[in-house]
Amino acid sequence: MSQENVPASPPSGVGLDGLRQAAAGCRACELWEPATQTVFGEGPETARIVFVGEQPGDQEDRRGEPFVGPAGRLLDRALADAGIERNDAYVTNAVKHFRFTPTAKRRIHQSPGAEHVRACRPWLEAEFEVLKPEVVVCLGATAAKALISPSFRITKERGVLMPWTPPGVARAEAGDDEPDEDAPAQTWMLATAHPSAVLRVPDEDRPKAYDALVADLRVVAGALA
């Protein structure tokens, strides 16, 4: 496998469909080689909220769609319980290829490294520039560390809305482009647990963990009201 990890170079002005097609051939890091395919984000360009997870899992890698496994089903249920319309949401990941350790029986999830997050970040930034979301929700530590701060701790700082400047707006403010009049007046960021973390909680504690996820999502629903 190639060991070179360089930031991806997404095309501009092509919309989500064009980005998805371009990402299918991404070779910015070595994760593309053992993976089945790139798993790009999904949802309408009109989405008001963007959920960012860590990386696709085994089922997502096989199907080419994000959040279609057990964690995705739990997220859908939590969104409904929090009063968030699924059609208002776009779901994606900080890393677009499944990193795993192969065994005789199954492929075991392996967390992506910082080099993989850096290589894939331009795709995420390109998604934000098209979507211009009102709220971005980091699902889990990898997304929160990538988008908020490397020192961010989900256990201590979850469920709090904080102002955030999308990458495209940041570049415009620096004088590279004109500010986008269609961008929301303020974009908000919130971090919460990844649904897969809720599924890993012991059975007796899982309802409490699920309720905490829904409570965080209700904060998001309030920001969208």
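Everything here concerns the structure above.
Residues numbered from 1 in each chain as written. Predicted model: local features only at pLDDT ≥ 70, side-chain atom pairs only at ≥ 80, totals over all residues. Heavy atoms only, no water.

Turning our eyes to something else, we now look at the sheet that holds strand β6 (residues 162-164). Read across the sheet, 5 strands follow the order β2-β1-β5-β7-β6 without closing on themselves; strand pairing throughout is mixed. Of all the strands in the sheet, just β2 (89-93) and β6 have a single pairing partner and so form its edges. Looking at each pair of strands side by side, their axes are set apart by 30 degrees on average, direction ignored. In this sheet, strand β5 (residues 135-139) lies alongside strand β1 (residues 49-53) in parallel orientation, the contact comprising 4 bridges. Note that in β5 the partner of Ile49 across the bridge is Val135. The sheet strands contacting helix α4 (residues 114-131) are β1, β2, β5 and β6, and the helix crosses β2 at an angle near 170 degrees. (Pairing = 2+ DSSP bridges. Helix = DSSP H or I, 4+ residues; strand = E, 2+ residues; numbered from the N terminus. Axes fitted to C-alpha atoms, helices over the stretch in contact; angles between N-to-C directions. Contact = heavy atoms within 4.5 Å.)

Attention shifts here to the side chain of Thr92. With respect to the helices and strands, Thr92 occurs in strand β2. In contact with Thr92, other than residues within four places in its own chain, are Gly41, Val50, Phe51, Val52, Gly53, Phe67, Leu124 and Glu127.

Here we take up the pattern of salt bridges. For the coordinates displayed, the defined rule picks out 11 salt bridges. We note a salt bridge from Glu134 to Arg48, for which the minimum N-O separation is 2.8 Å. Here Glu134, found in the loop between α4 and β5, pairs with Arg48, found in the loop between α1 (15-23) and β1; they are 86 residues apart in sequence, far enough to count as distant. The partner of Asp203 in a salt bridge is Arg206, with the nearest N and O atoms 3.0 Å apart. The class for Asp203 is exposed, based on a relative accessible area of 56%. The partly exposed category is assigned to Arg206, whose relative accessible area is 27%. (Salt bridge = Lys/Arg side-chain N within 4 Å of Asp/Glu carboxyl O. Buried < 20%, exposed > 50% of the residue type's maximum accessible area, 1.4 Å probe, protein only.)

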